[in-house]
Amino acid sequence: MSKLTKVDKDKIFHIASHLQLTTNWSRNREMISELYTENAPDMEMATYWTQTSDFTYLTPQAESVFGDYLKSIKRGDIVQSERLQPVESLPDCYSMSLKLGSQMLGVMLVHLRNEMPLALAERFVDILLPQFLLARFGTEMQEEVEKRTSTDKLTGLWKRSYFNERFREESERLSRSKEVGSVAIMGMDDLAAMVRMMPAEELNSMLDQAGRTLRGLLRQTDWVVRWDNFEILFYFPNTAPESAVEVFSRCVKAMSRINPLMQVVIGLCSSAETTSARGLIQLADKRLNLARKDGRHQLVCFASKSTGLQFWEYKV
């Protein structure tokens, strides 16, 4: 490895003495961006996290360099090298695995400009890694604890109380961003009607299967909540109601395969109609009741701009 100049050593020391990472990743990104823009301006860095399949842009131009690559990354692209290795499809880019002990956390991507020496880049990465990996590991442990306390034990879906806390913040974001999201409530009315005639073990098994089935069908970004004993609430970010209707076609078929009693009715609305958290839930509930009054099974009640309020019956 080539010797470092005094200037390089001072820059590395400056990063090491000012870096204070926590589980607050908004603050972490801001701190890393500022320190590396000032002391290593010829580097761009991003990270792909293997457990969650998401990524973090750490420096100002990282998204323009790595954006397309990260959106299409596959597990086969993940390197196992603990030192920076060239990325064949990205000129002047390098990657290395991120491990804490034997646990694989992700991949670090680095882009170099102006013929910055690779050995120097590795020193800048090395000074970041101890805190960086501990912060990420701490975040994953924190999320696991939150998951254990925020999910319904029987179905594995979110608890209503946890959803309410999160959704207030999300509705404020929707109001600012003008993004369209959809909210729906699914009622398992036939199952509810039979509750007194079924053994508790059989009922719990069906609810457990329903929770696992729905989680397996939906995207990681979708929210699924055990809203009541026999009602499930959904929130689909960045999804128009027409698209949500198509998603439910898969859900309805999968639920009916669990048991004939798992025929459902659905009330659906979107943030194009209101961005109030309470208003969205009330509107979804109102449409659920309209679907119930219709009398048909496997039915969703929703509204579209072109035709207004309508009912869609799923053929299973």
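Structure's up top.
None of the values given here were measured: they were computed from a predicted structure.

Enquirer: Before we move on, could you go through the nonpolar core and cite the residues and values that matter?
Expert: One finds Met-43, Met-45, Met-108 and Phe-132 to be the most contacted residues of the largest nonpolar core, which totals 33 residues. Mapped by element, the contributors of at least two residues to this core are α1 (6–18), α2 (25–39), β1 (43–49), β4 (93–100), β5 (103–112) and α4 (118–150). Tallying contributions element by element places α4 first for this core, with nine residues. If we ignore the near neighbours within four places in the chain, the residues touching Phe-132 are Leu-21, Trp-25, Ile-32, Thr-47, Trp-49, Leu-58, Leu-98 and Met-108. Membership of the second largest hydrophobic core comes to 32 residues, among which are Leu-207, Ile-232, Ala-244 and Met-255.

Enquirer: Provide a residue-level description of the environment of Tyr-94, including the pertinent values.
Expert: Counting through the fold element by element, Tyr-94 comes out in strand β4. Sequence spacing of Tyr-94 and Leu-118 is 24 residues, and the spatial spacing of their C-alpha atoms is 9.0 Å. In contact with Tyr-94, other than residues within four places in its own chain, are Leu-84, Gln-85, Pro-86, Val-87, Met-108, Leu-109, Val-110, Leu-112 and Leu-118.

Enquirer: Outline the sheet that holds β4, supporting the account with residue identities and numerical values.
Expert: Strand order in the open sheet formed by five strands is β2-β1-β5-β4-β3, and the pairing between neighbours is antiparallel. Sheet topology places β2 (54–57) and β3 (85–86) at the edges, where each strand pairs with a single neighbour. Here β4 pairs with β5 via eight bridges, running antiparallel. Residue Lys-99 lies in a different strand from β5, and its bridge partner there is Met-104. Docked against the sheet, helix α3 (residues 62–71) engages β1, β2, β4 and β5, running at close to 30° with respect to β1.

Enquirer: Hey, could you go over the sheet that holds strand β12 (residues 308–313) for me, with residue numbers and the actual values?
Expert: Pairing is mixed in the open sheet, where seven strands are placed in the order β6-β8-β9-β7-β10-β11-β12. Both edges of this open sheet fall to β6 (158–159) and β12, since each of them pairs with a single strand only. Pairing analysis gives six bridges linking strand β7 (residues 182–187) to strand β10 (residues 265–270), with the strands arranged antiparallel. By the bridge assignment, Ser-182 is partnered in β10 with Ser-270. Running over the sheet, helix α5 (residues 160–177) touches β6, β7, β8 (223–228) and β9 (231–236) and is turned about 130° from β8.

Enquirer: Could you give an account of the pattern of salt bridges, naming the residues involved and the relevant values?
Expert: Close approach of charged atoms lets side chains of opposite charge pair. For the coordinates displayed, the defined rule picks out 17 salt bridges. One salt bridge connects Arg-173 with Glu-170, and the closest N-O pair in it is separated by 2.6 Å. Of the two residues, Arg-173 and Glu-170 are both situated in helix α5; the distance of three residues between them amounts to about one turn of the helix. The partly exposed category is assigned to Arg-173, whose relative accessible area is 28%.

Enquirer: I'd like a rundown of unusual backbone geometry, residues and numbers included.
Expert: The phi angle at Ser-53 is positive, at roughly 55°, despite the residue not being glycine. As for its placement among the helices and strands, Ser-53 is situated in the loop between β1 and β2. Of note in the backbone geometry, Gln-298 takes a positive phi value of approximately 50° without being a glycine.

Enquirer: Can you lay out the side chain of Asn-39 for me, pointing to particular residues and giving the numbers?
Expert: Summarising the element assignment, Asn-39 is placed in helix α2. Overall, Asn-39 belongs to the buried group, its relative accessible area being 6%. Not counting residues within four places of it along the chain, the set of residues in contact with Asn-39 comprises Lys-11, His-14, Ile-15 and Phe-124.

Enquirer: Let's hear about the side chain of Thr-239: which residues, and what values?
Expert: Looking at the element boundaries, Thr-239 is found in the loop between β9 and α8 (241–258). With residues up to four places along the chain from it excluded, the contact list for Thr-239 reads Val-180, Gly-181, Ser-182, Arg-219 and Ala-244.

Enquirer: Lay out the state of the cysteines in plain terms, naming residues and giving numbers.
Expert: Within this structure, the stated rule accounts for zero disulfides. Here Cys-301 stays free of any disulfide, with the sulfur of Cys-269 as its closest cysteine sulfur at 10 Å. Residue classification places Cys-301 among the buried residues on the basis of a relative accessible area of 0%.

Criteria and cut-off values
Along each chain, the written sequence defines residue order, and numbers are assigned to residues from 1. Restriction of local features to residues with pLDDT of at least 70 applies here, the model being predicted, together with a cutoff of 80 or more for giving and counting side-chain atom pairs; totals for whole chains, interfaces and linings are based on all residues. As a rule here, side-chain values cover all heavy atoms of the structure and leave hydrogens and water aside. We call a set of buried residues a nonpolar core when its members are Ala, Val, Leu, Ile, Met, Phe, Trp, Tyr or Cys and they connect through side-chain atoms within 4.5 Å of each other. Only protein chains enter the accessibility calculation, which uses a 1.4 Å probe; a residue is then buried when its area is under 20% of its type maximum, exposed when over 50%, and partly exposed in between. Only DSSP runs of H or I covering at least 4 residues are called helices, and only runs of E covering at least 2 are called strands; the numbering of each starts at the N terminus. Two residues qualify as a contact provided that any one of their heavy atoms is within 4.5 Å of a heavy atom in the partner residue. DSSP bridges decide pairing: two strands pair if at least two such bridges lie between them. Axis geometry follows a simple rule: fit a line to the C-alpha atoms, using only the stretch in contact for helices, then measure angles between N-to-C directions, giving values from 0 to 180 degrees. Any Lys or Arg side-chain nitrogen located within 4 Å of an Asp or Glu carboxyl oxygen qualifies as a salt bridge. The rule for a disulfide is simple: a pair of cysteine sulfur atoms within 2.5 Å.

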